[in-house]
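# A closer look at the structure
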Amino acid sequence: MAVPWRLGLLMAVVGMVGIVPGRGLRLGMVAEGGRPKPRFKIPAAFEPLARQPGAGGSGRPTVLALDFACGGALSDYDAVWALQRELVLRRLDLRRSDGDAGAGDGGAALRAAAASVSGAAEALAMGASSAAPLGDCLLLVEHPSTYTLGTGSTEDNLNFSSEEAEAHRVVRTERGGEVTWHGPGQLVVYPILDLNEYRCDLHWYVRALEELVIRALGRLGVADAGRIDGLTGVWVDDAKVAAIGVKVKSWVTMHGVAINVDVDLGNGFNRIVPCGIGDRPVTRVADLGVGAVPMEEVKAAILEAFAGVFEADIAHGAGPEGS
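What this report covers is the structure whose coordinates are included nearby. What you see is a predicted model; the values in this text were computed from it and never measured. (Residues numbered from 1 in each chain as written. Predicted model: local features only at pLDDT ≥ 70, side-chain atom pairs only at ≥ 80, totals over all residues. Heavy atoms only, no water.)

### Considering the overall build of the protein chain
Within the protein chain, the regular secondary structure consists of seven helices and 15 strands. Taking all 323 residues of the protein chain together, 51% fall into the buried category. For the protein chain, restricting intrachain contacts to residue pairs at least 6 apart in sequence, the fraction spanning at least 24 positions comes to 76%. (Helix = DSSP H or I, 4+ residues; strand = E, 2+ residues; numbered from the N terminus. Buried < 20%, exposed > 50% of the residue type's maximum accessible area, 1.4 Å probe, protein only. Contact = heavy atoms within 4.5 Å.)

As structure tokens, then:
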């Protein structure tokens, strides 16, 4: 039976952007014939926003940077995941209330989520009392050893049995992409952004995340970081140094990008097929000719690059040690 053209067009659009009913938008890779394939072609180049100054100011949004990785502190994955979800709801409330950061009942839920993350309550309290309302946020985190799967990830890329899995932390999330590993020495950046303030374009957003890592690595002395056509993430030659997996709910983002700074490559990635790509290795910043770069320098480079790529101003919240 022929499919009406309107229904056919709708089906094509749904398949292209990866809409999951009730779950918002996901962007990543899907398995096809044993090898991840892009859901759609992502533009090869990053396009700057080129903001125009507004009548009343610079036209740049303010993003609150919340650093939970001070002094090598490790934050439980589930706790940070819950905090992200509450921050997304808070950001949506802020949009719907036209700038009233205290709207809705999200405050109590946000405080409850923050209570389970070391330093989060203090950081959010400082952010909420700063000149800018608690809207767009950037979480900087290191996790204890954790394997995460995207919504549609196959478990075939886990190189351990179900019995052995009990010895490892494995979490299935709502992000796009295949399996990856988080652990000490890896900086994970979780942007909670309303893309209405930037560009409502998932292609552009993924390229922007890649761009901020490429620029940050350039500031640290890694000049040859870049992209591989048809794949997401940041690469040096054929080795991936940063992985990306995101979710967008009503154009508010969560999840983000993980940068391998000085991770133990033999104690995490060797138990999986990272991102489902078996013929390309992973690498770390420490092996890219710049030596052991302190995590504080990496975070500073990331924040500077973020401000440039997203054309935003950075405000600083407290970290676990009140820094």
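The structure having been displayed, the exposition proceeds.
### Quick word on the nonpolar core
In globular proteins that are soluble, nonpolar side chains generally tend to be buried together. If you look at the biggest cluster of nonpolar residues, it comprises 47 residues, and the most contacted ones within it are Leu212, Leu217, Ile259 and Phe310. Residue contributions to this core peak at ten residues, all from helix 6 (residues 202-219). Those residues in contact with Phe310 that lie beyond four places of it in its chain are Leu49, Arg51, Leu193, Tyr198, Trp204, Tyr205, Ala208, Leu209 and Leu212. (Core = buried A, V, L, I, M, F, W, Y, C linked by side-chain atoms within 4.5 Å.)

### A closer look at the side chain of Thr283
Relative to the elements of secondary structure, Thr283 occurs in the loop between strand 14 (252-260) and helix 7 (295-309). Thr283 gets classed as buried once you look at its relative accessible area, which sits at 9%.

### So, the sheet that holds strand 7 (residues 146-149)
Backbone-to-backbone hydrogen bonds pair the strands of a sheet. The strands run either parallel or antiparallel. The strand order 8-7-9 describes an open sheet built from three strands, whose pairing is mixed. The open sheet has two edge strands with one neighbour each: strand 8 (170-172) and strand 9 (180-182). Ignoring which end each strand starts from, the neighbouring axes of this sheet average 30° apart. As paired elements, strand 7 and strand 8 share three bridges and run parallel to each other. Paired with Thr148 across the strands is Val171, a residue of strand 8. Docked against the sheet, helix 2 (residues 77-96) engages strand 7, strand 8 and strand 9, running at close to 20° with respect to strand 8. (Pairing = 2+ DSSP bridges. Axes fitted to C-alpha atoms, helices over the stretch in contact; angles between N-to-C directions.)

### Regarding empty space enclosed by the protein
A full pass over the atoms with the stated rule returns four cavities of 30 Å³ or more. Reported here for the largest cavity is a volume of approximately 220 Å³. Around the largest cavity, the lining comprises 23 residues; the ones closest to its centre are Arg175, Thr180, Ala243, Ile244 and Gly245. Mapped by element, the contributors of at least two residues to the lining of the largest cavity are strand 9, strand 10 (186-192), strand 13 (239-249) and strand 14. Residues belonging to the lining of the largest cavity are distributed by class as follows: eleven nonpolar, nine polar and three charged. Its boundaries defined by the atoms lining it, the second largest cavity holds a volume of some 60 Å³. Residue assignment for the lining of the second largest cavity shows that the elements contributing at least two residues are strand 13 and strand 14. Looking at the lining of the second largest cavity, the element that brings in the most residues is strand 13, giving three residues. (1 Å grid on protein atoms, 1.4 Å probe; cavity = no way out; pocket = protein on both sides within 12 Å on 5 of 7 lines; lining within 4 Å. Points joined across faces, edges and corners; volume = space filled by probe spheres on them. Nonpolar A, V, L, I, M, F, W, Y, C, P; charged D, E, K, R; others polar.)

### Considering the pattern of salt bridges
Any two side chains of opposite charge can pair, so long as their charged atoms come close to each other. This model, assessed by the stated rule, comprises 16 salt bridges. Among the salt bridges present, the one from Arg284 reaches Asp262, with a minimum N-O distance of 3.2 Å. Here the residue Arg284 occupies a position in the loop between strand 14 and helix 7, and Asp262 occupies one in the loop between strand 14 and helix 7, the gap between them amounting to 22 residues. Take Asp262: its relative accessible area is 38%, and that puts it in the partly exposed class. Across the pair Lys299 and Glu296 runs a salt bridge, and its minimum N-O distance is 2.7 Å. Note that Lys299 and Glu296 are positioned in helix 7 at a spacing of three residues, about one turn of the helix. Connected through shared salt-bridge partners, Arg207, Glu210, Glu211, Arg215 and Arg227 make up one network. (Salt bridge = Lys/Arg side-chain N within 4 Å of Asp/Glu carboxyl O.)

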